[in-house]
Amino acid sequence: MLNAQQQDRYQAEGYLVLPGFKPEHELAALRERARQIVEAFDAEAHRSVFSTNDQGRRSADAAFLDSAEGIECFFEEEAFDTAGRLRQSKALSINKIGHALHDLDPLFDRFSRTPAMAELAADLGLVDPQLWQSMLIFKQPGIGGEVGWHQDASFFDTAPRSVTGFWFALEDASIDNGCLWVAPGGHHGPLRERYVREGDRLHMEPLDATPWPTQALPVEVAAGTLVCLHGMLPHHSLANRSPRSRQAYTLHATDGRARYAEHNWLRRSPALPVRGFAA
Ligand SMILES: O=C(O)CCC(=O)C(=O)O
């Protein structure tokens, strides 16, 4: 799948852009399925998720933890007005859907598990890929929230490190509508923090005081492009203040040969074991 030059570039820069990886009809099918999931989502029942009091925090954490083995919708931070009402339609208020779309929804399963993905994962060094997480990120027009600097290894800690991100542009992504920004070569630096689950509580634990990069490169791509991200690569995206959404679908996989840390937030029960890219 990847030639030697692409593999070298990935190792040197920590990311790789593969234009035209998915055809438009598959992107359209995923966007439509996401629309249906949001339409079926009961926004009223889940309103408490964004309360800032401690009780709200607990239910937010509970909804988040449940989503490891489910399909949950999460609101944009700016979705509600001061009275707690949605500022715009539900369809334009959801930040993302996560985190087991690839295991629970047949369409997302088929999109995620293809011979091309299996070959690509192998080329990126994943010998026994384990597909933990999928997300449909909407980056809604006007209110699509910023995703701060992070390294995916903070959320999927393995020894040795192995997590790899696959970011599919379902729509064109530009600076204007909140594309990804990366720090090329930054994956050679340390892991700055890790996301720790203790029981059902979650927190970010600082590990290394190295500052986040001051220089970053925008990854402006056309719909259908796949961006592969090394788990140690610092990356982020800015808020979307444009009138266009910037939908993306992401997968995160680790290598089954590496030990999956017990403190990782995302855990699977025997009922829904983690699997690789084989259909
Ligand atoms: O799509 C975005 O805005 C950020 C996604 C991301 O950082 C990730 O999937 O690790």
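The structure contained in this document is the topic of the report that follows. (Residues numbered from 1 in each chain as written. Predicted model: local features only at pLDDT ≥ 70, side-chain atom pairs only at ≥ 80, totals over all residues.)

**A few points about the overall build of the protein chain**
When you go through the protein chain residue by residue, the secondary structure sums to six helices and 15 strands. Over its C-alpha atoms the protein chain spans a radius of gyration of 18 Å, differing by no more than 12% from the 19 Å that the globule rule assigns to 279 residues. Taking the principal axes of its C-alpha atoms as reference, the protein chain extends roughly 55 × 40 × 40 Å. Put simply, the protein chain has 279 residues, and 38% of those count as buried. Sequence separation of 24 or more characterises 83% of the internal contacts of the protein chain that already satisfy a separation of 6 or more. (Helix = DSSP H or I, 4+ residues; strand = E, 2+ residues; numbered from the N terminus. Rg over C-alpha atoms; globule rule 2.2 N^0.38 Å. Buried ≥ 20, exposed ≤ 12 C-beta atoms within 10 Å, placed from the backbone. Contact = placed C-beta atoms within 7 Å.)

**A look at the site of the ligand**
In the region of the ligand, the neighbouring residues are Ile 137, Lys 139, Val 147, Asp 152, Gly 165, Trp 167, Leu 180, His 235, Ser 237, Ala 248 and Thr 250. Taken together, the elements giving at least two residues each to the shell around the ligand come down to strand 7 (164-169), strand 13 (235-237) and strand 14 (248-255). Per-class residue counts for the shell around the ligand are five nonpolar, four polar and two charged. (Near = placed C-beta within 6 Å. Nonpolar A, V, L, I, M, F, W, Y, C, P; charged D, E, K, R; others polar.)

**Examining unusual backbone geometry**
Here the residue pair Gly 98 and His 99 is connected by a cis peptide bond, since its omega of -5 degrees sits within 30 degrees of zero. With an omega of -5 degrees, the peptide bond running from Ala 159 to Pro 160 counts as cis. Locating Pro 160 in the fold gives a position in the loop between strand 6 (158-159) and strand 7. Backbone geometry places Lys 139, a non-glycine residue, at a positive phi of 45 degrees. Within the fold, Lys 139 resides in the loop between strand 4 (129-137) and strand 5 (147-150).

**Re the nonpolar core**
Nonpolar side chains in soluble globular proteins tend to be buried together. Core analysis: the largest hydrophobic core is formed by 54 residues, its most contacted members being Leu 136, Phe 168, Val 227, Cys 228 and Ala 248. The biggest single contributor to this core is strand 4, with five residues. Ignoring sequence-local partners within four residues, the contact set of Ala 248 consists of Ile 137, Trp 167, Phe 168, Ala 169, Leu 170 and Ala 173. (Core = buried A, V, L, I, M, F, W, Y, C linked by C-beta atoms within 7 Å.)

**Some remarks on the sheet that holds strand 1 (residues 15-18)**
The seven strands are arranged 1-12-7-14-4-3-2 in an open sheet whose pairing can be described as antiparallel. Of all strands in the sheet, those bounded by a partner on one side alone are strand 1 and strand 2 (71-75). Direction aside, neighbouring strands of the sheet carry axes that sit 20 degrees apart on average. Strand direction decides the pairing type here: strand 7 and strand 12 (residues 226-230), joined by five bridges, are antiparallel. Bridge pairing links Phe 168 to Leu 226 in strand 12. (Pairing = 2+ DSSP bridges. Axes fitted to C-alpha atoms, helices over the stretch in contact; angles between N-to-C directions.)

**Remarks on the sheet that holds strand 13**
Paired through backbone hydrogen bonds, the strands of a sheet run either parallel or antiparallel to each other. In space, the four strands of this open sheet follow the order 5-13-8-11, with antiparallel pairing throughout. Of all the strands in the sheet, just strand 5 and strand 11 (217-219) have a single pairing partner and so form its edges. Strand after strand, the sheet turns through a mean of 25 degrees between neighbouring axes, direction not considered.

**Things to note about the pairing of strand 10 (residues 201-206)**
Along strand 10, only zero of the six residues are buried, which leaves the element largely exposed. Taken together, the six bridges between strand 9 (residues 193-198) and strand 10 define a ladder with antiparallel strand orientation. By the bridge assignment for strand 10, Glu 193 is matched with Pro 206.

**Description of the environment of Pro 129**
Its location among the elements puts Pro 129 in strand 4. For Pro 129 and Asp 66, which are 63 residues apart along the polypeptide, the C-alpha to C-alpha distance reads 23 Å. When near neighbours in sequence (up to four residues on either side) are disregarded, Pro 129 contacts Ala 121, Ala 253, Asp 255, Gly 276 and Phe 277.

**Quick word on the environment of Pro 270**
Positionally, Pro 270 belongs in the segment after strand 15 (259-260). The class for Pro 270 is exposed, based on 5 C-beta atoms found within 10 Å.

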